[in-house]
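# An overview of the molecular structure
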Amino acid sequence: MTIRKLSNLCVILGAALLSVGKAAERAETFSEALSKAGSDGVIAYCYGPDWNRRSVRLLKTFWNTPEAAEAAGNAVMVAVPFYEDSDSPGAEDESRIRSGMAAPEFDVCPTVVFYDKNGRLYASLQGSDYLGNDEQCTLGIANIGKTIQALRKQQELMAKAETEEGAKKADILAEVAELPIQSPPGLLDMIKEADPKDKAGYARRLEFNARAFMYKQLDTKDGFLHPDFVPNYNQIMKECEAVFKDEALRSRDRQAVYNLYIGQSRREHIQSNKLKGLIRKVNKLDANTDYGQLSPTLMQLWGSLKHKPSRDARREAREKKRAKDKEKRAKKRGERNVEIN
């Protein structure tokens, strides 16, 4: 092997070694983990020793494996028990191990919870959608690695944003907002400060809430319709169209709003070809979201419906029928009176 080839091989091997992060350190308590935390923060595994057998099994097959530690990068890992019965063996140690850590959302175990070095919760993984159904949780290990990478990217972008001003800074902060983890506190205010007139629409994008929009259109606060509520179809159509055309908003939010329009259109029994057109617009916007993937099925279920008169047309027809029936009854009464006389 020539000196040049040997030198090139050393460079390649060196780069490969640098690309591999050291395995995560483990701690016995949550407070200890926070005290040791660096830029990759803390990852806590929540399990239920006396009520969730799967979470206990996964301690061995998933959480305490070298693969999980490697995926966690330089984070500090800690396993935190959540007992159901305070008299269960080992329950007396729960408070010490938790050391102030909040219970996972909805008290679900197993759950993997992520904190930055300051103790801010920025992500969590739970259920088969994020941890997987296999005993080794290969999906969960992959998602741990992705979450740590997202935190690192967030930190990198926030540091970069500090060196910029105005529109460039707003662009970077908007990129932070799109990462699949919780945004840093005050991110929206930072964007508004960088782009006071919201020329790029980033603030509008972050402030928009599809559920709140739907509740407003349906005049509800809890998702349940009032018994006497009558939707204003034309108003809903106008509002939904305006949101759908706003390219500053996320595709998923725009699709959610348009699905409200589609649902109301179906209730109005609009022609199936028009309903198909509305569904196609949702799919065309982004076929990879949940709403986009639902569109073909929705097309099959709703796209072949026969046209029926609208609600207003049906109401008008009923009123005409009542008036006609009333006229017939009055005519019969008049005929009977003539016969009697």
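Refer to the structure above for everything that follows.
Residues numbered from 1 in each chain as written. Predicted model: local features only at pLDDT ≥ 70, side-chain atom pairs only at ≥ 80, totals over all residues. Heavy atoms only, no water.

### Quick word on the side chain of Gln255
With respect to the element layout, Gln255 can be found in helix H12 (residues 251-267). The contact partners of Gln255, leaving out residues within four places of it in the chain, are Val282, Leu285, Asp286, Thr289, Tyr291 and Gly292. (Helix = DSSP H or I, 4+ residues; strand = E, 2+ residues; numbered from the N terminus. Contact = heavy atoms within 4.5 Å.)

### Examining the state of the cysteines
A disulfide bridge is the covalent bond that connects two cysteines by way of their sulfur atoms. Evaluated as defined, the whole model comprises 0 disulfides. The structure places no disulfide on Cys109, whose sulfur is separated from the nearest cysteine sulfur, that of Cys46, by 5.8 Å. (Disulfide = S-S within 2.5 Å.)

### Structural notes on the packing of aromatic side chains
Enumeration according to the criterion identifies 10 aromatic pairs in this entry. Grouped by ring-pair contacts, the aromatic residues Tyr45, Tyr47, Phe62 and Trp63 constitute a single cluster. The ring of Trp63 carries the charged tip of Arg26 above its face, separated from the ring centre by 6.0 Å. One residue, Arg254, lies across the ring of Phe244, its end atom 5.7 Å from the ring centre. (Phe/Tyr/Trp six-rings, centres within 6.5 Å; stacked < 30°, edge-to-face > 60°. Lys NZ or Arg CZ within 6 Å of the ring centre and 35° of its normal.)

### Notes on helix H7 (residues 166-177)
Taking 1.5 Å as the rise per residue, H7 with 12 residues should run 16 Å; its terminal C-alpha atoms sit 17 Å apart, in good agreement. Here H7 has its buried residues at Ala170, Ile172, Leu173, Ala174, Val176 and Ala177. (Expected span 1.5 Å × (residues − 1). Buried < 20%, exposed > 50% of the residue type's maximum accessible area, 1.4 Å probe, protein only.)

### Quick notes on the sheet that holds strand S3 (residues 76-81)
In space, the 5 strands of this open sheet follow the order S1-S3-S2-S4-S5, with mixed pairing throughout. Both edges of this open sheet fall to strand S1 (25-26) and strand S5 (121-126), since each of them pairs with a single strand only. With 5 bridges joining them, strand S2 (residues 42-47) and strand S4 (residues 111-115) adopt antiparallel strand pairing. Paired with Cys46 across the strands is Thr111, a residue of S4. Sheet strands touched by helix H3 (residues 53-63): S1, S2, S3 and S4. Its angle to S2, the strand with the most contacts, is close to 140 degrees. Across the sheet, helix H6 (residues 138-161) is in contact with S2, S4 and S5; its angle to S5 comes to roughly 165 degrees. (Pairing = 2+ DSSP bridges. Axes fitted to C-alpha atoms, helices over the stretch in contact; angles between N-to-C directions.)

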